[in-house]
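# Coordinate analysis (summary)
Each chain is listed here by its residues.
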Amino acid sequence: MDGVTLLSDYKPYPFEIASVSLIFRLDPAATRVLATLDVTPRQPGADMVLQGEDLTLISLSLDGRTLAPGDYLLDETGLTLPAAGLPAGPFRLQTEVEIAPAANTALEGLYMSNGMYCTQCEAEGFRHITFYPDRPDVMSRFHVRIESDLPVLLSNGNPVGQGPGWAEWDDPWPKPAYLFALVAGDLRATSGSFTTRSGRKVDLNIWVRPGDEDRCDFALGALARSMTWDEEAYGREYDLDLFNIVAVDDFNMGAMENKGLNIFNSKLVLASPETATDTDYERIEAVIAHEYFHNWTGNRITCRDWFQLCLKEGLTVYRDQSFTRDVRLGGLKRIEDVAALRARQFREDAGPLAHPPRPDRYKEINNFYTATVYEKGAEVVGMLATLLGPEGYRAALDLYFDRHDGQACTIEDWIKVFEDASGRDLSQFKLWYTQAGTPKLTVSETYAAGTLTLDVMQMTPPTPGETEKPPRHIPLAVGLLSPNGDEVVPTVVLELTETRQSFRFEGLSARPVPSILRGFSAPVILERATTPAEQAFLLAHDTDPFNRWEAGRTLARQTLMAMARGEGAQLDYLDAVGRLIADDEADPGFRAACLRLPGEDEIAAALFARGDTPDPEAIRVARRKLMKMLATRHGAALSRVYDSCAVAGPYSPDAGPAGRRALRLATLALLTTEDGGARAAALFAEATNMTESIGALNLLVAEGKGQGQLAGFAARWAADPLVMDKWRMAQGALTPPEDAAETVARLAAAPEFDWKNPNRFRSLLGGFAANHAGFHRADGAGYALYADWLLRLDPLNPQTAARMSTAFETWRRYDAPRQAHAKAALARIAATPGLSRDLGEMVGRLAG
Ligand code: PHE
Ligand code: ZN
């Protein structure tokens, strides 16, 4: 098939490469890379295939003998050495190539960012550096020499020598090429140290550009907390004497777990109270943890091939989520994670891009760094933990590390570990990895003579290419509450394995209120006929924080759906919110989460799921109307909470004060619909931290106000691109829909908008894609503008252009004129000559 890679085609690499030595002579326009590979053939008669793209071959030799063009095949994908010319035993292969890092705008391979050199090799970037078997199952020891006049020269592993203009590094741990990293630049370190529980002293450094040193302390602390947590929760220690993190300004993703030398998007390292929000702090801590945890789940045990990506990503996301639950407020973190899963992964699963956590085909692997691989992958690990219980899960992970340390593994290996550790058959469970789609559970209940019966039906709707959907193995956590709110049956985990199943709870003294899918024990859509009164009861009484929030969310969503169809608001909802606002016992962060209404996209998805054609304008109007109703009805209580939640004293990003600020902003969002923006303007004027400053500004922009504040903010922060991203994001995402496309077009055309930088592009255009009614404007102006910018970015940076095309994944929800506009935009992209493989694959799937 044309350019398609299939899981079923996997074959082991026929050569072993015990060690590789690399010499880099750095130069922006003409870097020389000399590679020496120590090779042992493993299969007689096999050709040696080395990937290599955009490399100028300078010389090639085998055991010291220079090869002539007739001795090998060279094309735009790499180099092949025919078996006939290869020795039967070990040999040494040397290549010299030239590359141009300054011309590398795709940010894959070796590139330059603000005068520094850096690399990004996952998934297939190493082939842009030298000829090599660029696949994760080829693991070798790397020795690296860097020659450059720049003051700081870094690579993986331990430093083994340095002098004027050079440095050498050796990584004792065999690794695949995607974990290789090199950094060279004028950098400053913020340093610390960590002693592992077996007594190894590890030097920790966060490297940043001069001037950013004062924003590194939080990241350094987060790294130490992560190291401690992995020792305690998983028994995993760090395995080198040095751990380096480098912040770079131009980066396609969040961060990268290169062995001993993590490279981070600067927005996920740099934080100060004036420039970073509470959410930024939480995210920085989570991503530092994520990359650190990869050292065991990803690096020590890696993936056999890229189809297995969720082996490292799903597990590592599960680990970073567990870490954040442990170091912050666990219940609230679960709520945030589920809200994000639904907003991104359920949306993906419901549209043309749906795929299993372990796909079996791709054209461009970069297009599979998705919410399904990451977030759903994490949910699947969480379900395994639920099925085995905490001790069983820990035993399985111990076995995984014991059995597979140093290997490149598959999902089959992973499942086998759980089967062996628990003695259970998980073959049905494996469907979670190999099939796409979000199962729908329909639960109904009957009560008679002290017995409650739950009848559960499961069904997974078809997804592209998958029509057969056998039933899944689903852990369903359930508890029962008595009518006075006491917990009569604490949480039990029911296991669903069939299309229909019944579960009985006996010996009850009165009809209980069931609390189903506690903690969101499986990534499914739960459908259950309940009354608003029952939801309000659960919101008030459930002992499971997730289900408490969920009850409120369900009420809010149902009210908003009814309002978007022209019906009135539900009184049960308005009253339940009133009780929550007044409930000073409840955690402020939790109350904030409950006060935030479902977003417009979530309402549109829910309407579409029940067969309606969502009208973006009507949804927006309904949502704003409900906010106003809440403000009118509960104004006094909201103002009281707003005033009482002010956080005094020096700023701390901890969960306590962050929760109070969140509650304050959530009440302010409602109050702002009624007070003309007076309170938000006052908060903006007096704010001493970015959380409140941008929080207030966002609310003003959403009201179509705040021009003066926007100008003031820009004047203050013009020299700080990460802060200005928030300013652009606010306008892209929140400008009222009638002006949004024009505003975005104007900001995008401004000379100071450095659109080639992924953070800049994402802030403005990604913000705009989140502006539901603005992006989906009836005249198609939103789609057209967005397509223009994707086409502009694609020739320079296909990865980011392709990832951002997911804004189009919901176009089939909307009315015929909108569909026609979206289709036209996709067709225009598809017809563009020279389109990248990345964006080409995406628009093909989006339109198909
Ligand atoms: N492996 C990185 C992570 O999840 C993500 C990444 C993928 C970064 C590809 C860059 C390129 O931690
Ligand atoms: Zn990861």
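Quick caveat, the model's predicted, so the values are computed rather than measured.

### Examining the environment of Ala102
Examined against the element boundaries, Ala102 turns out to sit in the loop between β9 (91-99) and β10 (109-113). Look at Ala102 and you get partly exposed, because 15 C-beta atoms sit within 10 Å. Ignoring sequence-local partners within four residues, the contact set of Ala102 consists of Pro28, Ala29 and Met112.

### Let's talk about the environment of Ala556
If you trace the backbone, Ala556 turns up in helix α9 (residues 545-564). The sequence separation of Ala556 and Leu626 amounts to 70 residues, and the corresponding C-alpha distance is 9.2 Å. Apart from residues lying up to four places away in sequence, Ala556 is in contact with Tyr573, Leu597 and Pro598.

### Looking at the confidence of the model for the protein
Per-residue confidence for the protein averages 98 on the pLDDT scale, and 100% of its residues sit at or above 70. Both confidence scores are given for the complex: pTM 0.99, ipTM 0.99.

### Comments concerning the packing of helix α4 (residues 330-349) against helix α5 (residues 371-404)
Where α4 contacts α5, the two axes come as close as 10 Å, and the packing angle between them is 120 degrees. Looking at the two axes, α4 sits oblique to α5. Once α4 is placed against α5, the crossing between them reads as left-handed. Seen from α4, the contacting residues are Ala340, Leu341, Arg344, Gln345, Glu348 and Asp349; seen from α5, they are Ala371, Thr372, Glu375, Lys376 and Glu379. Broken down by class, the residue content of the contact of α4 with α5 amounts to 3 nonpolar, 2 polar and 6 charged.

### Considering the domain arrangement of the protein
What the domain assignment lists for the protein is domain 1 (5-186), domain 2 (302-434), domain 3 (440-529) and domain 4 (721-848). Opposite the 4 residues of domain 1 that make contact, domain 4 presents 5 residues. Its residues placed into classes, the side of domain 1 that touches domain 4 shows 2 nonpolar, 1 polar and 1 charged.

### Focus: the site of ligand 1
Near ligand 1, the surroundings consist of Gln120, Glu122, Ala123, Met253, Ala255, Met256, Glu257, His290, Glu291, Glu313 and Tyr369. Put simply, the parts of the chain that give the shell around ligand 1 at least two residues each are β20 (255-256) and α2 (278-293). Across the shell around ligand 1, the residue classes tally to 5 nonpolar, 2 polar and 4 charged.

### Considerations on helix α20 (residues 758-769)
Residues spaced three or four apart along an α-helix point in a common direction, a consequence of the helix completing one turn every 3.6 residues. Most of α20 is tucked away, with 12 of its 12 residues classed as buried. When α20 is considered as a whole, its buried residues turn out to be Pro758, Asn759, Arg760, Phe761, Arg762, Ser763, Leu764, Leu765, Gly766, Gly767, Phe768 and Ala769. In this structure, the buried side of α20 is in contact with β21 (261-265), α18 (721-734), α19 (737-749), α21 (772-775), α22 (781-793) and α23 (798-804).

### Remarks on the sheet that holds strand β7 (residues 73-75)
Strand order in the open sheet formed by 3 strands is β4-β8-β7, with antiparallel pairing between adjacent strands. A single partner strand is all that each edge strand has here, and the edge strands are β4 (48-51) and β7. Each neighbouring strand pair of the sheet contributes to a mean axis angle of 15 degrees, computed without reference to strand direction. Examined bridge by bridge, β7 and strand β8 (residues 78-81) share 3 bridges and lie antiparallel to one another. Bridge pairing in β8 places Leu73 opposite Thr80.

### Some remarks on the UniProt feature "domain: Peptidase M1 membrane alanine aminopeptidase" (unreviewed entry) in the protein
The sites that UniProt annotates as "domain: Peptidase M1 membrane alanine aminopeptidase" (unreviewed entry) are residues 218-429. End C-alpha atoms of residues 218-429 are separated by 40 Å, and the span's content is 56% helix alongside 9% strand.

### Side note on the pairing of β10
Burial of β10 is extensive: 4 of the 5 residues sit out of reach of the surface. Two elements, β10 and strand β11 (residues 116-120), share 5 bridges in a ladder whose sense is antiparallel. For Tyr111, the partnering residue across the bridge sits in β11 and is Cys118. Connecting the antiparallel pair β10 and β11 is a turn made up of 2 residues, with Asn114 showing a positive phi of about 50 degrees.

### Digging into the pairing of strand β18 (residues 201-208)
If a strand is regular, its side chains alternate between the two faces of the sheet. With 6 of 8 residues buried, β18 lies mostly within the body of the structure. Two elements, strand β17 (residues 188-195) and β18, share 8 bridges in a ladder whose sense is antiparallel. By the bridge assignment for β18, Thr195 is matched with Lys201. Hairpin connection between β17 and β18: a loop of 5 residues separates the two successive antiparallel strands, and Gly199 in this loop has a positive phi of roughly 95 degrees. Regarding the hand of the β-α-β motif, the stretch spanning β18, helix α1 (residues 217-234) and strand β19 (residues 242-248) is left-handed.

Parameters and conventions
Residues numbered from 1 in each chain as written. Chains lettered and ligands numbered in written order. Predicted model: local features only at pLDDT ≥ 70, side-chain atom pairs only at ≥ 80, totals over all residues. Helix = DSSP H or I, 4+ residues; strand = E, 2+ residues; numbered from the N terminus. Buried ≥ 20, exposed ≤ 12 C-beta atoms within 10 Å, placed from the backbone. Contact = placed C-beta atoms within 7 Å. pLDDT = per-residue confidence, 0-100. Axes fitted to C-alpha atoms, helices over the stretch in contact; angles between N-to-C directions. Parallel < 35°, antiparallel > 145°, perpendicular 65-115°, else oblique. Left-handed = near helix turned anticlockwise from the far one by under 90°. Nonpolar A, V, L, I, M, F, W, Y, C, P; charged D, E, K, R; others polar. Domains from an automatic or database assignment. Near = placed C-beta within 6 Å. Pairing = 2+ DSSP bridges. UniProt positions renumbered as here; feature names shortened; annotations may be inferred. Right-handed = clockwise from strand over helix to strand, strands pointing away.

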